[in-house]
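# Observations on chain architecture
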Amino acid sequence: MAAQWDPRRRSSTSTGEPVVAVPHGGSVSEQVALGGRPYGQPLTRVDFFRRMPAGGTAYLKPTDSED
Amino acid sequence: MNLRSDWPDATAVHAALAPADELLSERRALYQLAAELFWRGAPKLPESRLDNPLFRFRVGEALADRIPFDSTADDDLDDVVTEVGGQLKIASGAGANDRLADTLRVVHSQSGAPGTPPRLLTQVDGESFREAIDIVEAGLARFREVSPALARDLLPHTALLVILDPATSNGLVSASSRLFPGLILIDKPTCPYDVAEALVHEGAHQKFFDLAITRDFLGSEVDDRVFSPSWSTARWPLEQVVAAFHAYALLAQFAESVTASGEIGQVGPSSLLPFARERETEIGRWLLGAEESLESDARWLLRTLLRADNAAIRTEESKNSVLDGRYALKPFVRMARMATGRMLLASPGHPPQLVWLNRNAAEVVEQFGEEPLSMSALGPEKVKILNGLVASELAYRVGEPR
């Protein structure tokens, strides 16, 4: 069943190469000021497109805004 | 008067989650890979296309499994935009109203504003448009001068600004839609700080969107709790609450910069700057009571911006359910590697699956060679990652252990 995996196809994707230089986050002193580091997860599913776009944000005058 | 603040610098908070350049590159990589899922033979798309709010709308709807992606649709806006200040694109051409009519109709419907959808102010409107552009340029300049780090942090996430004809804006001060990420609408401004504040307010939502599609923010389970702010009759679902909290945190930081510059008296009559910190705090306190519904990076953002303890944030670990055996990536899974070591996997389906992998998880995927991978060859941490790949329907068991 190794044929289920076709490395030629996957490596042919145009995004298969590094897309960004490697910058690093804030300085050491900034990290100390912010407390702990973001915990993160090994895998993060992108569910946002299904979940979030039920609305938008609108600021209406005078006061009764949506955000 | 002591203008110093011990509130954290939101730009540093953002950078700890994702440096600005990295975040933009990863967001563009997501849209490129998604386009490749839906569009056979998709070319490498230019940044102008990957950032285009109309293109992002069509990709987003396809990722949400609501509207199939049409690779022949025309979403080009290049001939109806003008660049201001070397960075900010503004819809200006005579054809912009036609090109953005559907978008305005959707955003108007979402905004709850009364009446018919607004129309754009463009070059056709002559002196009125020229006045507006002058104020936008001045507002952009004030933003960059008064709060340069915040401007560098937020502006790259705004792809297009549209100015509404005040005769049709029906009381709308500023708006953005999650359906059209990167797009900001503002009423015709009366002063530079109308523009600067809208770029912070709505720009914060654009930043939030990009964080939420590349970092660990909101999962698939919907929390039914709603929040009613003390200043409004609105009732917000959790995802709206966290987005509003983030926007008020950035507005509060901007307010401090404007105050420090001595220009707080120049803000417009609809300004939220005087109330921003108080509202951020009110929303944040409510969110702390609901934080178990946020994923780990969103909890860290919340706690860090609120100056709460952020050192002990942990999420529930999923139970390991994979059986011993040999595993392979599913056919048609596509991947994009980031220079940071992160990786994005995408799989077609209904809905399509997109999953970000950190460096350790990416190493497991790298181990999927031409032969299936034996679970017994992995240590306990990597077995957890394999479990996540199987749960996300990106990998599957192909046979018994050898």
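All of the points below concern the structure found in this document.

Parameters at a glance
Residues numbered from 1 in each chain as written. Chains lettered and ligands numbered in written order. Predicted model: local features only at pLDDT ≥ 70, side-chain atom pairs only at ≥ 80, totals over all residues. Heavy atoms only, no water. Helix = DSSP H or I, 4+ residues; strand = E, 2+ residues; numbered from the N terminus. Buried < 20%, exposed > 50% of the residue type's maximum accessible area, 1.4 Å probe, protein only. Areas by Shrake-Rupley, 256 points an atom, 1.4 Å probe, with all protein chains shown as cover. Arc of directions from axis to C-beta. Polar contact = N/O pair within 3.5 Å; in protein donor to acceptor, adjacent residues only side chain to side chain. Core = buried A, V, L, I, M, F, W, Y, C linked by side-chain atoms within 4.5 Å. Contact = heavy atoms within 4.5 Å. Pairing = 2+ DSSP bridges. Phe/Tyr/Trp six-rings, centres within 6.5 Å; stacked < 30°, edge-to-face > 60°. Lys NZ or Arg CZ within 6 Å of the ring centre and 35° of its normal. Salt bridge = Lys/Arg side-chain N within 4 Å of Asp/Glu carboxyl O.

Within chain A, the secondary structure is distributed over three helices and two strands. Counting from the amino terminus, chain A carries its helices and strands in the arrangement α-α-β-α-β. Within the span of chain A, comprising 67 residues, buried residues form 42% of the whole. With the model as given, the accessible surface of chain A reaches about 3,500 Å², and the carbon-plus-sulfur share is 57%.

This part is about helix α6 (residues 101–111) of chain B. Residues and elements named next belong to chain B. Of all the positions in α6, only Thr103, Leu104, Val107, His108 and Ser111 are classed as buried. When α6 is viewed along its axis, its buried side chains cluster within an angular range of 130° and face the same direction. In α6, the exposed positions angled more than 90 degrees off the buried face are occupied by Asp102 and Ser109. Phi for Gly112, located one or two positions after α6, is positive at around 80°.

Residues and elements named next belong to chain B. Of all the eleven residues making up helix α4 (residues 53–63), eleven are buried; the element is thus mostly covered by neighbouring parts of the structure. All of the buried residues in α4 are Pro53, Leu54, Phe55, Arg56, Phe57, Arg58, Val59, Gly60, Glu61, Ala62 and Leu63. With a side-chain oxygen positioned 2.7 Å from the backbone nitrogen of Leu54, the residue opening α4 is Asn52. Of the residues trailing α4, Asp65 is marked for its positive phi of about 65°.

All right, on to the nonpolar core then. By size, the foremost hydrophobic cluster in this structure holds 104 residues, and its most contacted members are Phe49 of chain A together with Leu30, Tyr31, Val136, Phe143, Phe254 and Ile283 of chain B. Here this core takes 15 residues from helix α10 (residues 238–261) of chain B, the largest share from any one element. Once you skip the residues sitting within four places of it in the chain, Tyr31 of chain B turns out to touch Phe49 of chain A together with Leu50, Phe55, Arg56, Val59, Pro181, Phe209 and Ile213 of chain B. In terms of nonpolar packing, the next biggest core, distinct from the first, is built from 24 residues, Leu357, Ala362, Met375 and Leu394 of chain B among them.

Right, let's talk about the sheet that holds strand β8 (residues 326–329) of chain B for a bit. What the three strands build is an open sheet, ordered β12-β8-β13 (chain B); its pairing is antiparallel. Taken across any chain shown, the strands that pair with only one partner, and hence form the sheet edges, are β12 (373–374) and β13 (395–399) of chain B.

Inspection of the entire model under this criterion finds 15 aromatic pairs over all chains. Between the aromatic rings of Phe227 of chain B and Trp286 of chain B, the centroid separation amounts to 5.3 Å while the plane-to-plane angle is 45°, which identifies the pairing as tilted. With Phe227 of chain B in strand β6 (residues 226–227) and Trp286 of chain B in helix α11 (residues 276–288), this pair connects stretches of sequence that are 59 residues apart. Through pairs of rings, three or more aromatic residues link up here, namely Phe48 and Phe49 of chain A together with Tyr31, Phe208, Phe209 and Phe217 of chain B. A cation over an aromatic ring shows up here: Arg307 of chain B above the ring of Trp7 of chain B, its NZ or CZ 3.7 Å from the ring centre.

With that settled, the discussion passes to the pairing of β13 of chain B. Residues and elements named next belong to chain B. By the criterion of burial, β13 is predominantly enclosed, with four of the five residues buried. Looking at chain direction, β8 and β13 are connected through four bridges and run antiparallel. When the bridges of β13 are listed, Arg326 appears paired with Gly399.

Position of Ala167 of chain B among the secondary structure elements: in the loop between β3 (160–164) and β4 (172–177). Residues Ala167 of chain B and Asp187 of chain B, 20 residues apart in the sequence, show an inter-C-alpha distance of 9.5 Å.

The next point concerns the pattern of salt bridges. When their charged atoms lie close together, side chains carrying opposite charge are able to pair. All names here are of chain B. Evaluation of the coordinates by the stated rule reveals 34 salt bridges over all chains. Two residues, Asp210 and Arg56, come together in a salt bridge whose shortest N-O distance is 2.8 Å. With Asp210 in helix α9 (residues 192–212) and Arg56 in helix α4, this pair connects stretches of sequence that are 154 residues apart. Taken as a pair, Asp210 and Arg56 share a single burial class, namely buried. Among the salt bridges present, the one from Arg130 reaches Glu127, with a minimum N-O distance of 3.4 Å. Highlighted residues: Arg130 and Glu127, both in helix α7 (residues 127–146), separated by three residues, approximately one helical turn. A relative accessible area of 49% places Arg130 in the partly exposed class. A single network of salt bridges, built from pairs that share partners, joins Arg27, Arg28, Glu47, Asp51, Arg56 and Asp210.

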